Each structure stands twice: as C-alpha cells, then as structure tokens.
Amino acid sequence: MMGFDLSRRLVAEALGTAMLVATVVGSGIMAASLTKDVGLALLGNTLATGAILIVLITVLGPISGAHFNPAVSLIFSISRSLPKRDFGGYVVAQIVGGVIGTLAAHLMFDLPLIELSTKVRTGGAQWFSEGVATFGLVATILAGIRFEQKAVPWLVGLYITAAYWFTASTSFANPAVALARSLTDTFSGIRPIDLPGFWMAEIIGAVAALSLFTWLLAPGASSTVSSEAKL
C-alpha cells in the first residue's frame, strides 16, 4: 500500500466506496423493482454486495488497502498500519465516494439525485446488531491479514454476505456507507436521524474487535502454544 502516494490512495478509497455504495443502492432498487418479495429482494441485494466487495478489495487493495470504511481506517490508524496524518483524508475520501455512489445509482435508475430516506432503522436491537456486524468485520480483516492475507477479499465478501442475514440491521458496518444510504429513499435507505446510533455502534464494535484481536493475535502467542504442546 505504501508504494503509492497519498493522492492515488485517496482516489482509490473514493472510487472503491463509490462503487460499493452504487452496488448496494443500485441492486436494492433493481431487486425491489423486480419482486415484491422482501426476502428475495434482500437476497439479490446481498449477493451483489458480497460480490463487489471481493472485486474491489482485490483490485484496489494493493493501492490503498481497500478500507472503504471509516471504522476500518480508524482501527488501522490506532494500530499504526495507517499513518495518523492520512486518517482524515481517508475518511473524507470515503464519505465523498459514498455520496457519489448514491448519486450514480439514482442517475442509473432515473431517480432524483438526492432523496432523504424515510426508512426507519433504530432501536437497541438495530444498534447492537451494528456493533456485532462491525466487530465481526474487523475481526475477519485482522485475522485474515494475519493468517491468510490473499484470501481477505473473499473473507470480507463472504462475511458481509452472511451478516446481511444474521443481523437485524442487515449489517451496514460502515459509517460512510450508512451516511450515503441516508440520501436514498429506496430499498437500502436509512433515515438521517437514525445515523448517530448506527455510527456509535459501529465505532464501538470496531474498537472492541481491535482490542480483543490485538491480544488474541499477539506476536509470540502461537509459538508459546507450540512450546506448551511439546511439553
């Protein structure tokens, strides 16, 4: 990642987040227009999102790290994998990219550029779900990088595909994507007033995963286990 200058990394983050949001919003619009079955529509939305994540992380990961998510950038900044001076730029790029993704989806389906969402997503169960979803995402990334780095695109894509279905919130797990989805009054939207609860839960989940997995994956832990096994 560090082989590319900051401007290229920021463009990659903006582009990746834009493509991700365009896929989430666009596939939601398409699915809802093709079927009245909410479960089937969610399945279509899920498969498209999981698939695009695999593609985007594979092709843009070598440039920027393919965060596309302020919560992920935060944990990499805390762990010093991302220079702290670059953190703000990453977040701005992700937010701008997310908004562009919503605009692009609306243009593709001939909708008004911006429609504030009226879809209610709030309450303790939703917030807890977002904490769990983001915890799992960060855990998947950290453990994947440690043990099977080349598989990270697939691991993240498969995790989000699963989390769409086992969380009550359908696993936003991303503050920038949540913000972008507040600008669409379609299948994947969220009311702007509901964003703070989601953001807080996502950050808490991300930091909790970093705390646990910093200990769980600590250097030397595996060699200690091996030594104990020999005894």
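About the cut-offs
Residues numbered from 1 in each chain as written. Predicted model: local features only at pLDDT ≥ 70, side-chain atom pairs only at ≥ 80, totals over all residues. Heavy atoms only, no water. Helix = DSSP H or I, 4+ residues; strand = E, 2+ residues; numbered from the N terminus. Buried < 20%, exposed > 50% of the residue type's maximum accessible area, 1.4 Å probe, protein only. Contact = heavy atoms within 4.5 Å. Areas by Shrake-Rupley, 256 points an atom, 1.4 Å probe, with all protein chains shown as cover. Lys, Arg positive; Asp, Glu negative; His and termini not counted. Charge placed at Lys NZ, Arg CZ, Asp CG, Glu CD. Axes fitted to C-alpha atoms, helices over the stretch in contact; angles between N-to-C directions. Left-handed = near helix turned anticlockwise from the far one by under 90°. Salt bridge = Lys/Arg side-chain N within 4 Å of Asp/Glu carboxyl O.

Draft legend 1. Structural view of the overall build of the chain. Across its full length, the chain holds nine helices and zero strands. When the helices and strands of the chain are listed from N to C terminus, the series reads α-α-α-α-α-α-α-α-α. Put simply, the chain has 231 residues, and 50% of those count as buried. Long-range pairs, those at least 24 residues apart, make up 77% of the contacts in the chain with a sequence separation of at least 6. Accessible area of the chain: about 11000 Å², with a carbon and sulfur share of 72%. Averaging the coordinates of the 13 positive side-chain charges in the chain and doing the same for the 12 negative ones gives two points 8 Å apart.

Draft legend 2. View of unusual backbone geometry. The phi dihedral of Asp110 falls on the positive side, at around 55°, and the residue is not glycine. Inspection of the secondary structure assignment puts Asp110 in the loop between helix 4 (84–108) and helix 5 (124–147). Positive phi outside glycine occurs at Ser171, with the angle close to 55°. Relative to the assigned elements, Ser171 resides in the loop between helix 6 (152–166) and helix 7 (175–181).

Draft legend 3. Main features of the packing of helix 5 against helix 8 (residues 195–216). Running from N to C, helix 5 and helix 8 cross one another at 35°; their axes reach a closest spacing of 7 Å. In the crossing of helix 5 with helix 8, the sense of the turn from one axis to the other is right-handed. The segment helix 5 lies against helix 8, with Gln126, Trp127, Glu130, Gly131, Thr134, Phe135, Val138, Ala139, Leu142 and Ala143 engaging Gly197, Phe198, Ala201, Glu202, Gly205, Ala206, Ala208, Ala209, Leu210, Leu212 and Phe213.

Draft legend 4. Structural detail: the pattern of salt bridges. Within the structure shown, the criterion is met by four salt bridges. Among the salt bridges present, the one from Asp5 reaches Arg8, with a minimum N-O distance of 2.5 Å. Accessibility expressed as a relative area gives 35% for Asp5, which makes it partly exposed. Arg191 is the salt-bridge partner of Asp194, the closest N and O atoms lying 2.9 Å from each other. Since its relative accessible area comes to 5%, Asp194 is described here as buried.

What is shown is where atoms sit, not what they do.
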